[in-house]
Amino acid sequence: MLRQTTKRAFLGLASRNSTPFSVVSRLYHPNVIDHYDNPRNVGSFDKSDPNVGTGLVGAPQCGDVMKLQVKFDGSGLLVKSLMLNSKPLVVVPPLQLPRSVFTSLSTEWVKGKSVEEVLTIKNSKIAKHLSLPPVKLHCSMLAEDAIKAAVKNYKEKQAEANGETVEA
């Protein structure tokens, strides 16, 4: 209960009479709060599956790590995507966004798309959808990089399975 109350306070969801967190709610777009409260597609696929691509990007030393897995069907359509990271174990400070928000959104956006369509998702679209300030754009760049890394891994596995070489 305390964790839930504290989380809501940090996200600015506490009552309007409470201070100082009532100001924080204006810093987050409802889409951010929605993906934070209800992360989508949490889990993992078998990494050895040739139809699964895994993208792990970021800088582990500072905690900016994002893992995204995508699973394609035989015709090249993305059927499901999962994120490994879920909500952080600690309460996120008011001006910091957890990476799970961006990964959660990415898993929703890639569903049902072909390999080529998935690669058209850009960080600028993610940032616009979440109404990010310029100082937070690196988070949306991580999401785009995770998508690209997962697709690259998938293509490498497919080429290996077909006895081909992969273009760099």
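Residues numbered from 1 in each chain as written. Predicted model: local features only at pLDDT ≥ 70, side-chain atom pairs only at ≥ 80, totals over all residues. Heavy atoms only, no water.

Caption draft 1: Geometry of the overall build of the protein. A tally of helices and strands in the protein yields six helices and three strands. If you list the helices and strands of the protein from N to C, you get α-α-β-β-β-α-α-α-α. For the protein, the proportion of its 168 residues judged to be buried stands at 42%. Looking at the protein alone, contacts between residues at least 24 apart form 62% of all its contacts between residues at least 6 apart. Carbon and sulfur atoms make up 56% of the accessible area of the protein, which amounts to about 9200 Å² in all. (Helix = DSSP H or I, 4+ residues; strand = E, 2+ residues; numbered from the N terminus. Buried < 20%, exposed > 50% of the residue type's maximum accessible area, 1.4 Å probe, protein only. Contact = heavy atoms within 4.5 Å. Areas by Shrake-Rupley, 256 points an atom, 1.4 Å probe, with all protein chains shown as cover.)

Caption draft 2: Geometry of helix 6 (residues 137-161). If you check helix 6, its first and last C-alpha atoms are 36 Å apart, about what 25 residues at 1.5 Å a residue would give, namely 36 Å. Count one or two residues on from helix 6 and you reach G163, which has phi positive near 70°. (Expected span 1.5 Å × (residues − 1).)

Caption draft 3: Region of the structure containing unusual backbone geometry. Positive phi is not limited to glycine here, since N41 has a value of about 55°. Counting through the fold element by element, N41 comes out in the loop between helix 2 (30-37) and strand 1 (52-59).

Caption draft 4: How the structure looks around the sheet that holds strand 3 (residues 78-83). Spatially, 1-2-3 is the arrangement adopted by the three strands of the open sheet, whose pairing is antiparallel. Only two strands of the sheet have a single neighbouring strand rather than two, namely strand 1 and strand 3. In this sheet, adjacent strand axes meet at a mean angle of 20° when their direction is disregarded. With eight bridges connecting them, strand 1 and strand 2 (residues 64-72) associate as antiparallel partners. (Pairing = 2+ DSSP bridges. Axes fitted to C-alpha atoms, helices over the stretch in contact; angles between N-to-C directions.)

Caption draft 5: Structural context of the environment of K125. Along the chain, K125 falls in helix 5 (residues 123-129). Using a relative accessible area of 45% as the deciding quantity, one classes K125 as partly exposed. As a C-alpha pair, K125 and E144 span 19 residues in sequence and 9.7 Å in three-dimensional space. The residues touching K125, leaving out its near neighbours within four places in the chain, are W109 and T120.

Function cannot be inferred from these measures alone, as they are strictly geometric.
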